[in-house]
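# Secondary and tertiary structure notes
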Amino acid sequence: MCESKDNNDEKIEVCYLCGVKFNINAKDNSYYRYDKYPVCDGCSNSYGFY
């Protein structure tokens, strides 16, 4: 059985807004703002309307 590498890879980033380390590949609302700045799930939920 061939496992998908995307499901198991963790990519630890530091949130651009709050400085928390998080897994950008987790299935949550974390994302890269302007394809450059990592934003964690908490900040994405809090500041998502900006």
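Residues numbered from 1 in each chain as written. Predicted model: local features only at pLDDT ≥ 70, side-chain atom pairs only at ≥ 80, totals over all residues. Heavy atoms only, no water.

### Here's the deal with the side chain of Ser-30
Residue position: Ser-30 is located in the loop between β2 (21-23) and β3 (31-33). Residues contacting Ser-30, with those up to four places away along its chain left out, are Phe-22, Asn-23, Ile-24, Val-39, Cys-40 and Asp-41. (Helix = DSSP H or I, 4+ residues; strand = E, 2+ residues; numbered from the N terminus. Contact = heavy atoms within 4.5 Å.)

### A short note on the environment of Tyr-31
One can find Tyr-31 in strand β3. The sequence separation of Tyr-31 and Asp-41 amounts to ten residues, and the corresponding C-alpha distance is 7.9 Å.

### Remarks on the environment of Tyr-34
Tracing the backbone shows Tyr-34 in the loop between β3 and β4 (37-39). Assessed through its relative accessible area of 64%, Tyr-34 is described here as exposed. A polar atom in the side chain of Tyr-34 sits 3.4 Å from the side chain of Arg-33. (Buried < 20%, exposed > 50% of the residue type's maximum accessible area, 1.4 Å probe, protein only. Polar contact = N/O pair within 3.5 Å; in protein donor to acceptor, adjacent residues only side chain to side chain.)

### Some thoughts on the nonpolar core
Grouped together as the largest cluster of nonpolar side chains are six residues: Cys-15, Phe-22, Ile-24, Val-39, Cys-40 and Cys-43. Excluding anything up to four places from it in sequence, Cys-15 contacts Val-20, Phe-22, Pro-38, Val-39, Cys-40 and Cys-43. (Core = buried A, V, L, I, M, F, W, Y, C linked by side-chain atoms within 4.5 Å.)

### Some remarks on the side chain of Ser-44
Structurally, the position occupied by Ser-44 is in helix α2 (residues 41-47). What makes Ser-44 buried here is its relative accessible area of 13%. Once residues lying within four places of it in the same chain are set aside, the contact partners of Ser-44 are Asn-29, Tyr-31 and Val-39.

### Observations concerning the packing of aromatic side chains
By the definition in use, this model includes one aromatic pair. With a centroid separation of 4.5 Å and 40 degrees between ring planes, the pair formed by Tyr-16 and Tyr-37 is classed as tilted. Linking Tyr-16 in the loop between β1 (12-14) and β2 with Tyr-37 in strand β4, this pair joins segments that are 21 residues apart in sequence. Note on Tyr-16: relative accessible area 53%, which makes it exposed. (Phe/Tyr/Trp six-rings, centres within 6.5 Å; stacked < 30°, edge-to-face > 60°.)

The analysis is restricted to geometry; functional conclusions fall outside its scope.
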